[in-house]
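Summary of structural features
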Amino acid sequence: NAGVMQNPRHLVRRRGQEARLRCSPMKGHSHVYWYRQLPEEGLKFMVYLQKENIIDESGMPKERFSAEFPKEGPSILRIQQVVRGDSAAYFCASSPWGTGDQETQYFGPGTRLLVL
Amino acid sequence: AQTVTQSQPEMSVQEAETVTLSCTYDTSENNYYLFWYKQPPSRQMILVIRQEAYKQQNATENRFSVNFQKAAKSFSLKISDSQLGDTAMYFCAFMKPSRAPNTGNQFYFGTGTSLTVIP
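Small disclaimer: the values here were computed from a predicted structure and weren't measured. (Residues numbered from 1 in each chain as written. Chains lettered and ligands numbered in written order. Predicted model: local features only at pLDDT ≥ 70, side-chain atom pairs only at ≥ 80, totals over all residues. Heavy atoms only, no water.)

1. Considering the environment of threonine 87 of chain B
All names here are of chain B. Here is the rule: Helix and strand labels come from DSSP, where a helix needs a run of H or I of at least four residues and a strand needs a run of E of at least two; each type is numbered from the N terminus. Residues are treated as being in contact if the distance between any of their heavy atoms lies within 4.5 Å. Here a polar contact is recorded for every N or O atom pair within 3.5 Å, except that within protein the pair must consist of a potential hydrogen donor and a potential acceptor, and residues adjacent in sequence are included only if both atoms are side-chain atoms.
Assignment of secondary structure puts threonine 87 in the loop between strand S9 (74-79) and strand S10 (88-96). Distance in space between the C-alpha atoms of threonine 87 and proline 41 is 8.3 Å, their sequence separation being 46 residues. For threonine 87, the residues in contact, after removing those within four places along its chain, are Pro40, Pro41, Leu115, Thr116 and Val117. A polar atom in the side chain of threonine 87 sits 3.0 Å from the backbone nitrogen of valine 117.

This is how it looks when you write it as structure tokens:
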């Protein structure tokens, strides 16, 4: 059973460009969480999605950031018109539901975004 | 709001020795979960151990064990027989289970403790 997959692992963008980060949850997991980790800090919650639904986006900036988890394919975190302050590591985590392990989140390797 | 505090930014331990990483949290919740995650230089976040707040027994996973003191809101991680591969950043995390349909399980992370195992 493959773990949570994220790509790309590293992404470099110039200010004003768009960044697309992809996350494929573990097989059998239908819940996806996105987190941002700034240097020297812990992870901060951004958004929680289930298939075709955004459940909780309370941690996501109101502008330029969006997320989706379509019926088919990976979850996408999209950052439009990136700025230098968006430089961070973005982690995706998935969890199952309806099992005894639904409280645990399994993390992907992260995408390091660098905005020049 | 929940907060998680890791007061030791950096620690080191000799190989084969035991080390304890501290974590405290603040919450008014009674039902919650606590986790320790490890982030090695590869930056992958790896689950080390988890504890349900309703369980009095401390969780253990091989060389890793916790000292969960619910009244004191303390959740320390003990690593026995430290190995070089234990060198990593360790994050303590508090999880409040979802109650409302429009919220997920909410995780709150500490700022981490950087552990170095010295050969």
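Still more ground to cover, so stick around.
2. Regarding the state of the cysteines
Definition in use: In what follows, a disulfide is any cysteine sulfur pair within 2.5 Å. Exposure classes here rest on a 1.4 Å probe applied to the protein chains alone. A residue is buried below 20% of its type maximum, exposed above 50%, and partly exposed in between.
A full pass over the atoms with the stated rule returns two disulfides over all chains. A disulfide bridge connects cysteine 23 of chain A with cysteine 92 of chain A, and the sulfur atoms are separated by 1.8 Å. Because the sign of the S-S torsion sets the handedness, a value of about -50° for the bond joining cysteine 23 of chain A and cysteine 92 of chain A places this disulfide among the left-handed ones. A residue pair is termed long-range when its members are at least 10 positions apart, and cysteine 23 of chain A in strand S3 (residues 19-24) and cysteine 92 of chain A in strand S9 (residues 88-95) qualify at 69 residues. Under the relative-accessibility criterion, cysteine 23 of chain A is labelled buried at 0%. Residue class for cysteine 92 of chain A comes out buried when judged on its relative accessible area of 0%. The disulfide that involves cysteine 23 of chain B links it to cysteine 92 of chain B, with 2.0 Å between the sulfurs. When the S-S torsion is -70°, as for the bridge of cysteine 23 of chain B with cysteine 92 of chain B, the disulfide is left-handed. Note that cysteine 23 of chain B is positioned in the loop between strand S3 (19-21) and strand S4 (24-26) and cysteine 92 of chain B in strand S10, a separation of 69 residues in sequence. Both residues of the pair, cysteine 23 of chain B and cysteine 92 of chain B, count as buried.

Keep in mind these numbers describe shape, not what the thing actually does.
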